[in-house]
Amino acid sequence: PLEPEHPRVQKCIRFWQTTAREPMERFLRRSGRYVPMMVEIVKSYNIPSDIVYLPLVESGFNDKAYSYANASGPWQFIASTGKMYGLERSHWLDERRDFEKSTHAACQYLKYLYGLFDSWNLALASYNGGEGRVGRQIKRQRTKDFWKLDLRQETENYVPLYHAALMIAKDPVAYGFHVELDKPMEFDWAATNKPIELKDVAKALGSTTEEIEALNPELRRGVTPPDKSPYRLRVP
C-alpha cells in the first residue's frame, strides 16, 4: 500500500523533483519500454502490480546497470541470489540482464520475502539490505514497523524512495513531469542451433546490431552461446 503522507516519502518526492529530476525523467521515459511486459509477469505471481516500478529505484530500467556491489540488470541481482532463482551466468551470458527472466526471479524472491515478514515494506527493505540483517534488527528492536526500525541508511532511504518513485510513475503530470514514454517493446522469437553473431542476425533481418543487442541484453559477447542448442533469440 502507498504511504504518500509519510514525511520521509514526501522528502523523497522532493528529491526526485529537484536533485534527481533529470535521471527520473530518463527512467520514466525508459519504463515505457518494459513496464507493459513486466506487469503481466508480476501479476502472474499474485503480488501487487506496483512492484513493477521497483526497477525505477534499482536501475532506472537499465538492463546493463551494474552496481558497486556487483549487482546487475534491471532488478540488480547479485550473482548468488540470481543463481538461487535460476539466473544463469557464464562467459557467454548473464541472465540477470534478461528483462523477462530477471523479472520472474525478482517476483519469486519478493514473494518469498513477503512470506517471511508479512509486510511489503519489510520485504522491500530486505530486497535491498538482506533478509538476515533486517530479521536481526526486527528481533533486536522488537518492532515490525519499517518506519520505526533503525536500519542501514541506504535501506532506510530505499523504501521511501520507492514509494515516491511509484507515485510519480503512476501520475507523472501531477508531480510536474511531462515525459513521453518509450514505445513498449515488441519482438518475435527465433531459434538457432549453432553459435551465431548478432551482427550477422542483424544483417540477415535488415536490422541493426544495436537493436538485436537491445532485445537480447543477456548475451555478453555479441554471439549466441556455443554450449546451448537450440538458443532462443529475440528478433524484431
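Before reading on, note that the structure itself is shown above.
So, a few notes on the structure that sits alongside this text. Quantities reported herein were computed from a predicted structural model and do not represent experimental measurements.

**Points about helix α6 (residues 120–129)**
Most of α6 sits inside the fold, with ten of its ten residues counted as buried. Along α6, the positions that sit buried rather than exposed are Trp120, Asn121, Leu122, Ala123, Leu124, Ala125, Ser126, Tyr127, Asn128 and Gly129. With a side-chain oxygen positioned 3.3 Å from the backbone nitrogen of Asn121, the residue opening α6 is Ser119. Looking one or two places after α6, you find Gly130, whose phi comes out positive at around 95°.

**Notes on a positive patch on the surface**
A surface patch of like charges, here positive, comprises Arg133, Arg136, Arg140 and Arg152. With respect to the helices, strands and loops of the structure, Arg133 is situated in helix α7 (residues 131–141).

**Here's the deal with the packing of aromatic side chains**
The way to describe two aromatic rings as a pair is by their centre distance and the angle between their planes. In total, this model carries ten aromatic pairs according to the counting rule given. Ring plane angle 50° and centroid distance 5.4 Å describe the contact between Tyr34 and Phe99, whose orientation is recorded as tilted. Of this pair, Tyr34 sits in helix α2 (residues 21–44) while Phe99 sits in the loop between α4 (79–84) and α5 (101–117), and the two are 65 residues apart along the sequence. Neither residue differs from the other here; Tyr34 and Phe99 are each classed as buried. Here the aromatic rings of Phe146 and Trp147 are separated by 5.1 Å at their centres, their planes lie at 75°, and the arrangement is edge-to-face.

**Concerning the packing of α6 against α7**
Contact geometry for α6 and α7: axes closest at 7 Å, N-to-C directions at 130°. As far as their axial angle goes, α7 and α6 are oblique. Here α6 contributes Leu122, Ala125, Ser126 and Gly129 to the contact with α7, which in turn contributes Glu131, Arg133, Val134 and Ile138. Within the contact of α6 with α7, the residues separate by chemical class into four nonpolar, two polar and two charged.

**Notes on the pattern of salt bridges**
Two side chains that carry opposite charge are able to pair once their charged atoms sit near each other. Using the criterion set out here, one finds eleven salt bridges in the structure. Between Arg26 and Glu22 there is a salt bridge, and its shortest N-O distance comes to 2.9 Å. In this pair, Arg26 and Glu22 are both assigned in helix α2, four residues apart and thus about one turn of the helix distant. Since its relative accessible area comes to 34%, Arg26 is described here as partly exposed.

Rules of the game
- Residue numbers run consecutively from 1 along every chain, following the written order of its sequence.
- Whole-chain, interface and lining totals are the exception, using all residues; otherwise, since this is a predicted model, local features are given only for residues with pLDDT of at least 70 and side-chain atom pairs are given and counted only at 80 or more.
- The side-chain numbers reported here are obtained from all heavy atoms of the structure, hydrogens and water having been left aside.
- Relative accessibility decides the category of a residue: with a 1.4 Å probe and only protein chains considered, values under 20% of the type maximum give buried, values over 50% give exposed, and everything between is partly exposed.
- A run of H or I in DSSP becomes a helix once it reaches four residues, and a run of E becomes a strand once it reaches two; helices and strands are each numbered from the N terminus.
- Think of a polar contact as two N or O atoms within 3.5 Å of one another; within protein, one of them needs to be a possible hydrogen donor and the other a possible acceptor, and neighboring residues in sequence only count if both atoms come from side chains.
- Put simply, a patch holds well-exposed residues, over 30% relative accessible area, that have no salt bridge, with like charges counted together within 9 Å and Val, Leu, Ile, Met, Phe, Trp or Tyr side chains within 5 Å.
- Method for areas: the Shrake-Rupley scheme with a 1.4 Å probe, in which residue coverage is limited to the protein chains shown.
- A side-chain nitrogen of Lys or Arg and a carboxyl oxygen of Asp or Glu constitute a salt bridge if their distance falls within 4 Å.
- As used throughout, the charge tally considers Lys and Arg to be positive and Asp and Glu to be negative, leaving His and the chain termini uncounted.
- Where a charge sits is defined by one atom per residue type, namely NZ (Lys), CZ (Arg), CG (Asp) or CD (Glu).
- Here a Phe, Tyr or Trp ring, Trp counted by its six-membered ring, pairs with any other such ring whose centre lies within 6.5 Å, and the pair is stacked when the planes are under 30 degrees apart, edge-to-face when over 60, and tilted otherwise.
- Axis lines are fitted to C-alpha atoms, over the contacting stretch for helices. Their N-to-C directions set the angle, which ranges from 0 to 180 degrees.
- In this scheme, roughly parallel covers angles under 35 degrees and roughly antiparallel covers those over 145, while 65 to 115 is roughly perpendicular and the rest are oblique.
- Throughout, a residue-residue contact means that at least one pair of heavy atoms, one from each residue, lies within 4.5 Å.
- As a working rule, the residues Ala, Val, Leu, Ile, Met, Phe, Trp, Tyr, Cys and Pro are called nonpolar, Asp, Glu, Lys and Arg charged, and the rest polar, with Gly in that last group.

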